[in-house]
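Overview (structure and organization)
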Amino acid sequence: MNGMYMGNIFFFLLVIGLGLLAVAGGYKLGSLIGKALGSKKVFWFVNAVVFFLVVVMTTVCYAFGVPEFMAIGVALAGGIFAGLKEGFGNPGGLWDVHDEFFGLDEFRKLKGTQEYPDEEAKKRELISVPGEPSQKSSSKSKKK
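Here the structure is a predicted model, which means the values were calculated and not measured. (Residues numbered from 1 in each chain as written. Predicted model: local features only at pLDDT ≥ 70, side-chain atom pairs only at ≥ 80, totals over all residues. Heavy atoms only, no water.)

Looking only at helices and strands, one finds seven helices and zero strands in the protein. Going residue by residue from the N terminus, the α and β elements of the protein occur as α-α-α-α-α-α-α. Here the protein holds 144 residues, and 24% of them are scored as buried. The long-range share in the protein, meaning contacts at least 24 apart out of those at least 6 apart in sequence, stands at 68%. When the accessible area of the protein is evaluated, it comes to approximately 10800 Å², of which 68% is carbon and sulfur surface. (Helix = DSSP H or I, 4+ residues; strand = E, 2+ residues; numbered from the N terminus. Buried < 20%, exposed > 50% of the residue type's maximum accessible area, 1.4 Å probe, protein only. Contact = heavy atoms within 4.5 Å. Areas by Shrake-Rupley, 256 points an atom, 1.4 Å probe, with all protein chains shown as cover.)

To continue, consider helix α2 (residues 40-63). Between its terminal C-alpha atoms α2 stretches 35 Å, which fits the 34 Å expected from 24 residues at 1.5 Å a residue. After α2 finishes, the residue Gly65 shows a positive phi value of roughly 80 degrees. (Expected span 1.5 Å × (residues − 1).)

For the rest of this paragraph, the subject is the confidence of the model for the protein. Low pLDDT marks stretches whose predicted atomic positions should not be read closely. Considering every residue of the protein, the mean pLDDT works out to 75; 62% of them sit at 70 or more. The lowest-confidence element of the protein is helix α7 (residues 135-143), averaging 49 in pLDDT; the highest-confidence one is α2, averaging 90. Of the regions scoring below 50 in pLDDT, residues 137-144 engages in zero contacts with residues more than four places distant in sequence or in other chains. (pLDDT = per-residue confidence, 0-100.)

Under the 1.5 Å per step criterion, the end-to-end length of helix α1 (residues 9-36) is 41 Å for 28 residues, consistent within 8% with the ideal 40 Å. Buried within α1 are the following residues: Phe11, Val15, Gly19, Ala22, Gly26, Gly30, Ser31 and Gly34. Residues of α1 that are buried sit in contact with α3 (70-88).

What follows concerns the packing of aromatic side chains. The description of two aromatic rings rests on the distance between their centres and on the angle between their planes. Counted according to the given criterion, the structure contains three aromatic pairs. Both rings, one in Phe43 and one in Phe88, keep their centres 5.0 Å apart while their planes meet at 25 degrees; by these two values the pair is stacked. Of the two residues, Phe43 is situated in helix α2 and Phe88 in helix α3; the sequence distance between them amounts to 45 residues. Phe88 carries the same exposure label as Phe43, and that label is buried. Ring-pair connections join several aromatic residues into one group, and the members of that group are Phe43, Trp44 and Phe88. (Phe/Tyr/Trp six-rings, centres within 6.5 Å; stacked < 30°, edge-to-face > 60°.)

Another point: the environment of Phe11. Inspection of the secondary structure assignment puts Phe11 in helix α1. With relative accessibility at 11%, the residue Phe11 sits in the buried group. Sequence separation between Phe11 and Glu68 is 57 residues, and the spatial gap between their C-alpha atoms is 9.3 Å.

Time to look at the side chain of Ser31. When you line up the elements, Ser31 lands in helix α1. In this structure the side chain of Ser31 is engaged in a polar contact, spanning 2.7 Å, whose partner is the side chain of Glu86. (Polar contact = N/O pair within 3.5 Å; in protein donor to acceptor, adjacent residues only side chain to side chain.)

Right, let's talk about the nonpolar core for a bit. By size, the foremost hydrophobic cluster in this structure holds nine residues: Leu37, Phe43, Val46, Val50, Val54, Ala77, Ile80, Leu84 and Phe88. Grouped together as the second largest cluster of nonpolar side chains are five residues, Val15, Ala22, Ile72 and Ala75 included. (Core = buried A, V, L, I, M, F, W, Y, C linked by side-chain atoms within 4.5 Å.)

Right under this line is the structure:
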């Protein structure tokens, strides 16, 4: 309660709004980074780097007398962690317990089936132009 503006409701709402924005932005950023990662080792390394940066950010915020902004750093990290998990897929470790608890393994098994086609199939469907031969039929005609 030693923050400069703790009594000001506007400042409190501003910090809450920035925190929600940090979660959403962190999720998007983490999702983009997670899709680019190649291995579980790199995934866990990126998680450790994000954790280290949050510790540094919260320490700096506290040192400069604005502990209210520490929540924004923690919210950003939470969004990044969730986005990394979503973008990378199944990294293993503690996430396996999380996935089993929420039933995400069953969801992942449905992916690629007729009920839930994968994203690549959706993209191919959206890109194909009606009236033009598909890539499969054009490749067969070239072989003849």
